[in-house]
Amino acid sequence: MDYVKQYVFAKYPQYCNGILNESEALDLGITGEEEESSEPNTKISPKNPSTPSFSRSFSDLDRTQLESSRLLDILAKKSSFKGNFMSIPEIQASNRALKHCGLNEKDYLVIFMPTQRDALAMVGESYPFFKGNYYMTIVEETGDGIREYAGRKEAKVVPMPESWLDLRIKGSQLSQYFRRKCKNTPKGLFAYPAAANGLRYSMHWISEAHRNSWHVLLDATGLVMGEERLALAMHRPDFVVCGLENNGGGGGQGNGQKVSCLLVRKNSFDTSAASG
């Protein structure tokens, strides 16, 4: 089935890259149903308990304990506060980021950071890396703020070439890394770009990583917000980083400067141990 799926994705990339152009928006329901139905689903067919499903994958990954950090404190405050302490511009910006990614506020929290590297560094500071788990990354090193923290915590840092994201070329090598044996669950964090050097990459990797007990960070800063929307509701990455134009109140006052949005899936992490 994996080889059949790779062939279909290679021949018809519009069904796997997770990108929705405005002209394709009406096809979202059909595409999502076809892609989901191409894999066995234990929620529909309970007779097959050994078949991997999204619910089984997430049961191994959900409620992971983050380390004491700025991110953990922010998530705890946002999760426990029942009101809304954000300003109207912040709410509008959060809604834009969520809409851009095809996600909703019920499942994701949005945090604003000055740069892509700052957003990734916040993840690296809080993610529970240790000797025995992994950080696999295809994010360009200059913007990858996670590597330093993963190395400092003695996790195995595994940089990978972008070519491995191409289902038609060396995708099988990336799949082998996902399936590698590890005594720990989750095995670690996998980070990769939604687009780089003019190429868009498949969202299929999010689901495959989850099925093999990896958390996933999707770097979507290479996409133009408002023009290249993502359809991530089915794949549900644990982290998403995207760029947001800072208009500075309109009238070009923001000088085209971007801020980075870090979207965190609520159920992926346990915030109960945050400091008061």
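Residues numbered from 1 in each chain as written. Predicted model: local features only at pLDDT ≥ 70, side-chain atom pairs only at ≥ 80, totals over all residues. Heavy atoms only, no water.

Some words on the environment of Thr 115
Turning to step 1, where the next piece is worked out: Relative to the helices and strands, Thr 115 resides in the loop between β3 (108-113) and α6 (116-126).
Turning to step 2, where the next piece is worked out: Here Thr 115 falls in the partly exposed class, since its relative accessible area comes to 37%.
Turning to step 3, where the next piece is worked out: Each C-alpha atom of the pair Thr 115 and Cys 261 lies 8.6 Å from the other, and the pair is 146 residues apart in sequence. (Helix = DSSP H or I, 4+ residues; strand = E, 2+ residues; numbered from the N terminus. Buried < 20%, exposed > 50% of the residue type's maximum accessible area, 1.4 Å probe, protein only.)

Description of the side chain of Asp 219
Turning to step 1, where the next piece is worked out: Inspection of the secondary structure assignment puts Asp 219 in strand β9 (residues 214-219).
Turning to step 2, where the next piece is worked out: Buried and without a salt bridge, Asp 219 has Lys 258 as its closest oppositely charged side chain, separated by 10.0 Å.
Turning to step 3, where the next piece is worked out: A polar contact of 2.6 Å, which involves the side chain of Asp 219, links it to the side chain of Thr 221.
Turning to step 4, where the next piece is worked out: Among residues more than four places away in sequence, those in contact with Asp 219 are Gln 116, Val 139, Tyr 192, Pro 193, Ala 194, Ala 195 and Val 241. (Lys, Arg positive; Asp, Glu negative; His and termini not counted. Salt bridge = Lys/Arg side-chain N within 4 Å of Asp/Glu carboxyl O. Polar contact = N/O pair within 3.5 Å; in protein donor to acceptor, adjacent residues only side chain to side chain. Contact = heavy atoms within 4.5 Å.)

A closer look at the sheet that holds strand β6 (residues 188-193)
In a beta sheet, neighbouring strands are held together by backbone hydrogen bonds and run either parallel or antiparallel to one another.
Turning to step 1, where the next piece is worked out: What the seven strands build is an open sheet, ordered β3-β12-β11-β9-β6-β4-β5; its pairing is mixed. Whereas interior strands pair on both sides, the edge strands pair on one side only; in this sheet they are β3 and β5 (156-159). Shown here is a sheet whose adjacent strand axes are inclined to one another by a mean of 20°, direction ignored.
Turning to step 2, where the next piece is worked out: Sheet topology note: the strand β11 (residues 239-245)/strand β12 (residues 258-265) ladder contains seven bridges and is antiparallel. When the bridges of β12 are listed, Val 241 appears paired with Leu 262.
Turning to step 3, where the next piece is worked out: Strand contacts of helix α4 (residues 70-80): β3, β11 and β12, with the helix running at about 130° to β3, the strand carrying the most contacts. (Pairing = 2+ DSSP bridges. Axes fitted to C-alpha atoms, helices over the stretch in contact; angles between N-to-C directions.)

Description of the environment of His 235
Turning to step 1, where the next piece is worked out: Here His 235 is to be found in the loop between β10 (229-230) and β11.
Turning to step 2, where the next piece is worked out: Between the C-alpha atom of His 235 and that of Ile 206, which follows or precedes it by 29 residues, the distance is 6.1 Å.
Turning to step 3, where the next piece is worked out: Here Met 203 takes part through its backbone oxygen, which lies 3.4 Å from a polar atom of the side chain of His 235.

A few points about helix α9 (residues 204-211)
Turning to step 1, where the next piece is worked out: Within α9, seven of the eight residues are buried, leaving the element largely enclosed by the surrounding structure.
Turning to step 2, where the next piece is worked out: Taken together, the buried positions of α9 are occupied by His 204, Trp 205, Ile 206, Ser 207, Glu 208, Ala 209 and His 210.
Turning to step 3, where the next piece is worked out: Ser 213, located one to two residues past α9, shows a positive phi value of around 70°.

A short note on the confidence of the model for the protein
Turning to step 1, where the next piece is worked out: Predicted confidence across the protein gives a mean pLDDT of 77, with 70% of residues reaching 70 or more.
Turning to step 2, where the next piece is worked out: Predicted confidence is poor over residues 7-56, with pLDDT under 50, and the contacts of this stretch with residues over four places away or in other chains come to 60 contacts.
Turning to step 3, where the next piece is worked out: Low pLDDT (under 50) marks residues 249-254, which in the prediction has six contacts with non-local residues, meaning those over four places away or in another chain. (pLDDT = per-residue confidence, 0-100.)

Things to note about the nonpolar core
Turning to step 1, where the next piece is worked out: The biggest cluster of nonpolar side chains holds 40 residues, and the ones touching the most others in it are Leu 174, Phe 190, Tyr 192, Leu 230, Leu 232 and Leu 263.
Turning to step 2, where the next piece is worked out: Element by element, the count of residues in this core is highest for helix α5 (residues 88-101), at four residues.
Turning to step 3, where the next piece is worked out: Among all residues touching Tyr 192, those that are not within four sequence positions of it are Ile 138, Val 139, Leu 165, Tyr 201, Ser 202, Met 203, Trp 205, Ile 206, Val 216, Leu 217, Leu 218 and Asp 219.
Turning to step 4, where the next piece is worked out: Core analysis: the next-biggest nonpolar cluster, separate from the first, contains 26 residues, Leu 120, Phe 129, Tyr 135 and Leu 217 among them. (Core = buried A, V, L, I, M, F, W, Y, C linked by side-chain atoms within 4.5 Å.)

Focus on the pairing of β5
Turning to step 1, where the next piece is worked out: As paired strands, strand β4 (residues 134-137) and β5 are joined by four bridges and run parallel to one another. Bridge pairing in β5 links Thr 137 to Pro 159.
Turning to step 2, where the next piece is worked out: In this fold, the crossover linking β4 to β5 by way of helix α7 (residues 147-152) has right-handed handedness. (Right-handed = clockwise from strand over helix to strand, strands pointing away.)

Thoughts on the side chain of Glu 208
Turning to step 1, where the next piece is worked out: Here Glu 208 lies in helix α9.
Turning to step 2, where the next piece is worked out: Although Glu 208 is buried, it forms no salt bridge, and the closest oppositely charged side chain is Arg 179 at an N-O distance of 4.1 Å.
Turning to step 3, where the next piece is worked out: Engagement of the side chain of Glu 208 in a polar contact is seen with the side chain of Ser 175, the distance being 2.7 Å.
Turning to step 4, where the next piece is worked out: When neighbours within four sequence positions are excluded, Glu 208 is seen to be in contact with Ser 175, Phe 178 and Arg 179.

Focus on unusual backbone geometry
Turning to step 1, where the next piece is worked out: Here the amide bond leading from Thr 185 into Pro 186 is cis, since omega sits at 0°, within 30 degrees of zero.
Turning to step 2, where the next piece is worked out: With respect to the element layout, Pro 186 can be found in the loop between α8 (171-179) and β6.
Turning to step 3, where the next piece is worked out: Positive phi values are uncommon outside glycine, yet Arg 63 reaches one of about 60°.
Turning to step 4, where the next piece is worked out: A relative accessible area of 45% means that Arg 63 is categorised as partly exposed.

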